[in-house]
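Coordinate inspection notes
Chain residues, written in single-letter form:
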Amino acid sequence: MTELAIPDLSLVVLIGSTGSGKSTFAHKHFRSTAIVSSDACRGVVSDDENDQSATPDAFALLHHIAGVRLRRGLRTIVDATNVQPKARQELVAVAREHDVFPVAIVLDVPDSLCFERNTLRTDRAHLGRHVVTRQQRELRRGLRGLEREGFRRVYVLRGVEEIESATIVDERSWNDKRDLTGPFDVIGDVHGCRGELETLLGRLGYEAHRDASGRAVGATHPDGRTAVFVGDLVDRGPDTPGVLRLVMGMVAAGTALCVTGNHENKLVRALDGRNVRVAHGLAESLAQLEAQDEDFRKAAHDFCRGLISHYVLDGGNLVVAHAGLKEEYHGRMSGRVRSFAMYGESTGETDEYGLPVRYPWAEDYRGRATVLYGHTPVTDLRWVNNTLCLDTGVVFGGRLSALRYPERESVSVPAEQVWYEPVRPMQATTIATAEGVVYRDPGVLDLDDVIGRRVVETRHHGRVGVQEENASAALEVMSRFAIDPRWLVYLPPTMAPCATSELDGLLEHPAEAFAYYRSEGVERVVCEEKHMGSRAVVLVARSASAARDRFGVEDGGTGVIYTRTGRPFFDDVAQTEALLARVRAAAETAGLFEELNSEWLLLDTELMPWSAKAVGLLRNQYAAVGAAARASLGATTELLAAVAGRGLDVGDLADRTAARRTDADAFVTAYGRYCWPVDGLAGLRLAPFQILAADGVNYAVRDHDWHLERIDRLVAADADVFTATARMIVDLTEPGSEATATAWWSELTAAGGEGMVVKPLGALARNASDRLVQPGVKCRGPEYLRIIYGPEYSREDNLRRLRARGLGRKRSMALREYALGLEALDRLVAAEPLWRVHEAVFAVLALESEPVDPRL
């Protein structure tokens, strides 16, 4: 039996003349979807698998299909004769383009057998013996040169028996450690600083193992954690052999992994006797190794030679490479990938120190996997698009740093001294936080992240799709009218109304809201007074420096107040800062910054009066309707009175007109309740109802009584600006509790209130089918609905039509937007890249373009 080890990700090229059994072999050993056949491609482009004139187009299609599969990480089998060197060279080029191994499997059978098989196939019976003879001759002529052509594995199966006995063994690539899930401690460039490495390992909780001479020869963690070294263990520092001895022991014992750095690569070439420039600390390593015994030198040489370019860990969620790695290179194997992993990508320029300028690949990174790396020393740890450089220049007098994964906690120890003077000063990034990790991120949303149809993965509601036409509308809003994108971290969801009521004269009633939550298995809800204003998201930092450090805003601003479409609430920056100052002072007085251990707060609020933001809408839509109705109906009433005075019977018409006039007056009164003059902050009222997030925590999933208790403290701290939200907790298993809440709603709405919002007390609620439950449903009063549906909506014939309103699309949109909002908050507090936060924010804005009745 012949075993053929085939990498999981590779381009397998079958080589054999027509009739050699390639298709049979392929379908026996590989899934049919992985096989790309030249005959099938010829049939696709010509409707005739034997049309030789279609061969160029057929192979163009074959190469395209193979390339797409390889780009997507799928092993691909090419079923074609491939006996000509040019055909093979083109396939090797496809494999190299996608950084995978090309593997050749040659089926070498007697000419007579090929000819016999062809005569038995009606579609091949016309082929002459000379065709088989020529193909067999070309095949055998090229056998010895297959490896020189670029094939990394070559298997030659001779004869039917050997072909039939062959078995395929799937082989994982060397860098594929996805089955290792950690936890890990990823350690930056050590550069021969053994003392600092031992100190750092001790700080991380590892217990060192020492030989009879007291030298550290290994280390283990009592909790089974695994250390991962990003390379550059050697050169420049005082004890390269000591570092190698310790790391080699850990790797041999399975308590550590290590990737190669450019310094290990150069050291190996020097030890091999290659012509290398002895610079950048190599001389120190060679001298230190020369003082060791021959067995250690050989072991260290073999260890460094065997280090691979990168590891893919934790199911693909973590990638470790010395200089970092672009997403398209993850899990790939080629000289290009290895070079990038060791050196990064150069712009082709050199700086004033004569060193190459590296392309900032991390700023363009959009991958799902966290990438941890070193290579370029930095003064502090800074997350950039889910990547982190861990080289903090210990050999230059900086620190030796590690990151605990998946906790994302950094641990650093200072250098014992400056061991090596750097050629170029270490790169400063930004001011570090107390934890030593900066969460500033240059990666805002890119055009490629939003154009076309998009799908956003959410933790609480699965995949949410965004249609291309909706994305286009959102793109215009976000690019032309929205606030500074560094502040735009969340957009609130729309809210679904309760089901339509069948009670006389009513369109909405609390009974339907309570019935909905009871049917979803929710037992306790909170009813909150609904303030008639404009939704306002308030992001307030404790100081301008806190805003700069966390959000990267350097214009001196301390926060922002924006609408639910991301636009600034006030055109006047001074007015915004004045209101933010009141919010900040109240939060200080209430102790929220201290309690939540945060330098910033994100609040969901309602800002009143309605006219403060909707003055244009009021003037052009509501006031115009009210004025026109009152003027026309007033004149009509006078005219009918005059006509009646002449003895004509216009009683019915006069009654209807009077009723219409009453409705028009009620309409004006209804919207007038929510309008009053504002001068600066005088007259403004802010009703906060939820603390959305603070540093490191998404509070939007907390119970509502937690929020309201803290909101009450905020209101008490400044009752001149803040308005309290009246509320009532309802037990849906007690009819009396519902009746009390219904009576309260009736009182609110009779007094001119908008109505109430009913929410699950436990915030993030799911039903028995584990589906997300509406985060809140609004139940509006009859007079407020007059504003929404028009002065005469409450007439029975109008109500009859309105009761047929469809709520399904609105409810669906509300749930999707809610899930996207939670996703944005989760990504924000996890310090994920800004473009990742914007992905969810943008999707909320795009969903707002869906064709849904805005009155709902």
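In this text the structure is predicted, and so the values were computed from the model without any measurement. Residue indices begin from 1 for each chain and proceed along its sequence in written order. For a predicted model such as this one, the threshold for reporting local features is a pLDDT of at least 70, and the threshold for listing and counting side-chain atom pairs is 80 or more; totals across whole chains, interfaces and linings nevertheless cover every residue. With hydrogens and water excluded, all non-hydrogen atoms of the structure serve as input to the side-chain values.

**Let's talk about the overall build of the protein**
- What counts as a helix is a DSSP run of H or I of at least four residues, what counts as a strand is a run of E of at least two, and both are numbered from the N terminus. The number of helices and strands found in the protein is 26 helices and 35 strands.
- Only protein chains enter the area calculation, which uses a 1.4 Å probe; residues under 20% of their type maximum are buried, those over 50% are exposed, and those in between are partly exposed. When each of the 856 residues of the protein is scored for burial, the buried share is 54%.
- Accessible areas in this description were obtained via Shrake-Rupley with a 1.4 Å probe; residue shielding takes into account the shown protein chains only. Accessible area for the protein stands at about 36900 Å²; split by element, carbon and sulfur atoms hold 49% of it.

**Section: the pairing of strand E14 (residues 310-313)**
- Both faces of E14 are covered, namely the face carrying His310 and Val312 and the face carrying Tyr311 and Leu313.
- Pairing between E14 and strand E15 (residues 318-321): four bridges, direction antiparallel. From the neighbouring strand, Leu313 faces E15, where its bridge partner is Leu318.
- Hairpin remark: E14 followed by E15, antiparallel, with four residues in the connecting loop; positive phi at Asp314, about 50°. Here, any two strands with at least 2 DSSP bridges between them count as paired.

**A look at the packing of aromatic side chains**
- Stacked, tilted and edge-to-face pairs are distinguished by plane angle, under 30 degrees for stacked and over 60 for edge-to-face with tilted covering the rest, among Phe, Tyr and Trp rings (Trp via its six-membered ring) whose centres lie within 6.5 Å. Across all of its chains, the model carries 12 aromatic pairs by this definition.
- Centroid distance Trp361 to Tyr365: 6.1 Å. Interplanar angle 85°. Geometry classified as edge-to-face.
- Look at Tyr699 and Trp706: their rings are 4.9 Å apart centre to centre, the planes differ by 10°, and that puts the pair in the stacked class. Accessibility assignment for this pair places Tyr699 and Trp706 in one class, buried.
- Grouping aromatic residues by their ring pairs yields a cluster made of Tyr329, Phe340, Trp361, Tyr365 and Tyr373.
- The ring of Trp383 carries Arg408 above its face, with NZ or CZ at 4.0 Å from the centroid.
- Sitting above the plane of the Phe551 ring, Arg550 keeps its charged end 5.1 Å from the centroid. We count a charge as sitting over a ring when the NZ of a lysine or the CZ of an arginine lies within 6 Å of the ring centre and within 35 degrees of the ring normal.

**Description of the side chain of Glu508**
- Counting through the fold element by element, Glu508 comes out in the loop between strand E26 (496-497) and helix H15 (510-519).
- Judged by its relative accessible area of 1%, Glu508 falls in the buried class.
- In protein, a polar contact requires one atom able to donate a hydrogen and another able to accept it; more generally it is a pair of N or O atoms within 3.5 Å, and residues adjacent in sequence count only if both atoms are side-chain atoms. Here Arg780 takes part through its side chain, which lies 2.6 Å from a polar atom of the side chain of Glu508.
- Within the structure, the side chain of Glu508 is placed 3.3 Å from the side chain of Arg805, a separation counted as a polar contact.
- Two residues qualify as a contact provided that any one of their heavy atoms is within 4.5 Å of a heavy atom in the partner residue. With residues up to four places along the chain from it excluded, the contact list for Glu508 reads Pro497, Cys498, Ser501, Trp745, Lys778, Cys779, Arg780, Leu785 and Arg805.

**Here's the deal with helix H25 (residues 808-829)**
- Each helix should span, by expectation, one fewer than its residue count multiplied by 1.5 Å. The terminal C-alpha atoms of H25 lie 32 Å apart, and with 22 residues this matches the ideal 32 Å at 1.5 Å per residue to within 8%.
- With 18 of 22 residues buried, H25 lies mostly within the body of the structure.
- Following H25 by one or two positions, Ala831 has its phi on the positive side, about 60°.

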